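# Reading the structure
Single-letter residue listing:
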Amino acid sequence: MALLPGVPATPTSDRILPAQPTFDEKFWVSVAEGAVRDFCLWHVAPIREEIFAVDGGGRSQILLPTMRLREVLSVVSGGYDVTKRVKASESGILELEGGFACGLSSVVVKISHGYDPAEVPSVQGVIASAASRFADSLGNIVQSQTAGGSTVTYFSGSESLLRSEQAKLSRYRLEGRS
């Protein structure tokens, strides 16, 4: 299975990318989705299933990296299935009376979470504009400009969200959970 379009899964040389890489729209949308995920600290949309291994620490509550928990599919704490005993909030807090198992990655949680894309048009707009900009980033974008002293600062648009895009995403960012 190829990781990138046109790039074989088994390396044929010491190059990471082929000499003439070609990237389609799907690739740039994926890059933009990654940038949104990196900024927000979770994937936001669409709804999908994910598995997380988290530290239980003996606490009665654990916090998952989500702001839109749809369903808890399974919870294994210290090797025991505790799914039916766990209470959950939409914001990603799981609670278990008596506490979760102690230890690193001692709790394995499978959940369905995220927003339907129709619920978050602003997020989809950011992904679309960022993908378009990333695809065009073979040139440079002016980040700042000073008249008089003739200072111009450029940055490559690849994988960087603009401040205006970050502002649109700020309500979906998991503050204090990194």
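So, a few notes on the structure that sits alongside this text. (Residues numbered from 1 in each chain as written. Predicted model: local features only at pLDDT ≥ 70, side-chain atom pairs only at ≥ 80, totals over all residues. Heavy atoms only, no water.)

### Comments concerning the sheet that holds strand E7 (residues 107-113)
For sheets, the rule is that strands pair by backbone hydrogen bonds, running either parallel or antiparallel. Pairing within the open sheet is antiparallel, and its four strands lie in the order E1-E7-E3-E4. Strands at the two margins of the open sheet, each flanked by one partner only, are strand E1 (48-54) and strand E4 (80-81). Pairing between E1 and E7: seven bridges, direction antiparallel. Note on E7: the bridge partner recorded for Phe 52 is Val 109. (Pairing = 2+ DSSP bridges. Helix = DSSP H or I, 4+ residues; strand = E, 2+ residues; numbered from the N terminus.)

### Quick look at the packing of aromatic side chains
Within the structure shown, the criterion is met by three aromatic pairs. With 4.9 Å between their ring centres and 80 degrees between their planes, Phe 27 and Trp 28 make a pair best called edge-to-face. Take Phe 27: its relative accessible area is 16%, and that puts it in the buried class. With a centroid separation of 6.1 Å and an interplanar angle of 50 degrees, the aromatic rings of Trp 42 and Tyr 115 are classed as tilted. Within this pair, whereas Trp 42 is found in the loop between helix H1 (25-40) and E1, its partner Tyr 115 is found in the loop between E7 and helix H2 (121-135), the two being separated by 73 residues in sequence. Side by side, Trp 42 and Tyr 115 carry an identical accessibility label, which is buried. Each member of the aromatic cluster is reached from another via a ring pair, and the members are Trp 42, Tyr 115 and Tyr 172. Above the plane of the ring of Phe 39 lies Arg 173, whose end atom (NZ or CZ) is 4.5 Å from the centre. (Phe/Tyr/Trp six-rings, centres within 6.5 Å; stacked < 30°, edge-to-face > 60°. Buried < 20%, exposed > 50% of the residue type's maximum accessible area, 1.4 Å probe, protein only. Lys NZ or Arg CZ within 6 Å of the ring centre and 35° of its normal.)

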